[in-house]
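Survey of secondary and tertiary structure
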Amino acid sequence: MSHRFPTLAATALLTLAWMLPGASLAMDEWEIDPEHFAVGFLVDHAGYARVLGMFLEAEGAFMFDPDTGDLGEGYFVVQTDSVFSNHEERDDHLRSDDFLDVENHPEMRFTATDYEPTGEDSGQLTGDLELLGETRPITLDVTINKVGRYPFPLGGIFSRPYVLGASMRGEFQRSDFGMDYGLIRDIVGDTVELIIEFEAQRQ
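Keep in mind the model is a prediction, meaning the values are calculated, not measured. (Residues numbered from 1 in each chain as written. Predicted model: local features only at pLDDT ≥ 70, side-chain atom pairs only at ≥ 80, totals over all residues. Heavy atoms only, no water.)

Some points on the overall build of the chain
Counting its regular elements, the chain contains one helix and 11 strands. In the chain, the order of α-helices and β-strands from amino to carboxyl end is β-β-β-β-β-β-α-β-β-β-β-β. Across the 203 residues that make up the chain, the buried fraction comes to 44%. Considering only contacts within the chain whose residues lie at least 6 apart along the sequence, 58% involve residues at least 24 apart. (Helix = DSSP H or I, 4+ residues; strand = E, 2+ residues; numbered from the N terminus. Buried < 20%, exposed > 50% of the residue type's maximum accessible area, 1.4 Å probe, protein only. Contact = heavy atoms within 4.5 Å.)

So this is what it looks like as structure tokens:
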């Protein structure tokens, strides 16, 4: 069964009022914990090895019913100037207009458009990726690792939130967004592999 989403406003927070028609009334809002949110990437470097990097600042939220597996609207956004690959000179280059052009495009955003379950705890999430002023569809493979009460307090001695943990994987071609530095001589690969790990708290 496919679950459709309307497009989110650029800075909107998810609310129960946006629930899809016919969706489970038990659907809850989940906010991704920025302290447990990793958005990483792998890109080939001249065929020798793949560079592993990540974005240090990201946030997101979504609607989900863990009992039925119904997923509603969802998004995540990363601050492009937070890119980190453990090499200062390379990170400065990644922030330049050869790559992320962070001065003119400070955010990269994913907005969910469709979810197709593939198993009890897995599915494929399709959405629109906005990068460098361009928007392209991508698909992420989703694994829901665990849903339940957190084993220790967060935000207070008596606060043990209900938490969902998930892993997502996907890829896109950076040239589709006009990012073509290093492609002619195969210095930098075109395929960007995404590695996303997060924990989200039920609101």
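What follows continues from the structure just given.
Some points on the packing of aromatic side chains
Within this structure, the stated rule accounts for 10 aromatic pairs. Between the aromatic rings of Phe62 and Phe198, the centroid separation amounts to 5.8 Å while the plane-to-plane angle is 65°, which identifies the pairing as edge-to-face. Taken together, the positions of Phe62 in strand 4 (residues 58–65) and Phe198 in strand 11 (residues 191–202) put the pair 136 residues apart, joining distant regions of the chain. In this pair, the class of Phe62 matches that of Phe198, namely buried. Relative to Phe177, the ring of Phe172 lies with its centre 5.4 Å away and its plane at 80°, an arrangement referred to as edge-to-face. Each member of the pair Phe172 and Phe177 is classed as buried. Within the aromatic cluster, the residues linked to one another by ring pairs are Trp30, Phe37, Phe62, Phe76, Phe110, Tyr162 and Phe198. (Phe/Tyr/Trp six-rings, centres within 6.5 Å; stacked < 30°, edge-to-face > 60°.)

Here we look at the pairing of strand 9 (residues 134–149)
Pairing of strand 8 (residues 122–131) with strand 9, which is carried by 10 bridges, proceeds in the antiparallel orientation. Opposite Leu125, over in strand 9, you have Leu140 as the bridge partner. If you look at the hairpin formed by strand 8 and strand 9, you'll find two residues sitting between the two strands, and Leu132 has a positive phi there, around 55°. Pairing of strand 9 with strand 10 (residues 162–173), which is carried by nine bridges, proceeds in the antiparallel orientation. The residue bridging Asp141 from the neighbouring strand is Arg169, located in strand 10. (Pairing = 2+ DSSP bridges.)

Things to note about the pattern of salt bridges
Counted according to the given criterion, the structure contains six salt bridges. Here Asp28 makes a salt bridge to Arg202, at a shortest N to O gap of 3.8 Å. You can see Asp28 sitting in strand 2 (residues 28–45) and its partner Arg202 sitting in strand 11, a full 174 residues away along the chain. Residue classification places Asp28 among the partly exposed positions, given a relative accessible area of 22%. According to the relative accessible area criterion, Arg202 is partly exposed, its value standing at 32%. Glu197 is paired through a salt bridge with Arg169; the nearest N and O atoms lie 2.8 Å apart. With Glu197 in strand 11 and Arg169 in strand 10, this pair connects stretches of sequence that are 28 residues apart. (Salt bridge = Lys/Arg side-chain N within 4 Å of Asp/Glu carboxyl O.)

Describing unusual backbone geometry
The backbone phi angle of Ala46 is positive, close to 55°, even though this residue is not glycine. The phi angle at Asp186 is positive, at roughly 55°, despite the residue not being glycine. Structurally, the position occupied by Asp186 is in the loop between strand 10 and strand 11. By relative accessible area, which is 57% here, Asp186 ends up exposed.

With respect to the nonpolar core
Counting 42 residues, the largest nonpolar core has Phe62, Leu125, Leu140 and Phe198 as the members making the most contacts within it. Mapped onto this core, the elements with two or more residues apiece are strand 2, strand 4, strand 5 (70–79), strand 7 (107–119), strand 8, strand 9, strand 10 and strand 11. With six residues, the top contributor of residues to this core is strand 2. Residues contacting Leu140, with those up to four places away along its chain left out, are Phe76, Phe110, Gly123, Gln124, Leu125, Met168, Arg169, Gly170, Leu194 and Ile196. (Core = buried A, V, L, I, M, F, W, Y, C linked by side-chain atoms within 4.5 Å.)

Fair warning: the whole summary comes from geometry, so function is off the table for now.
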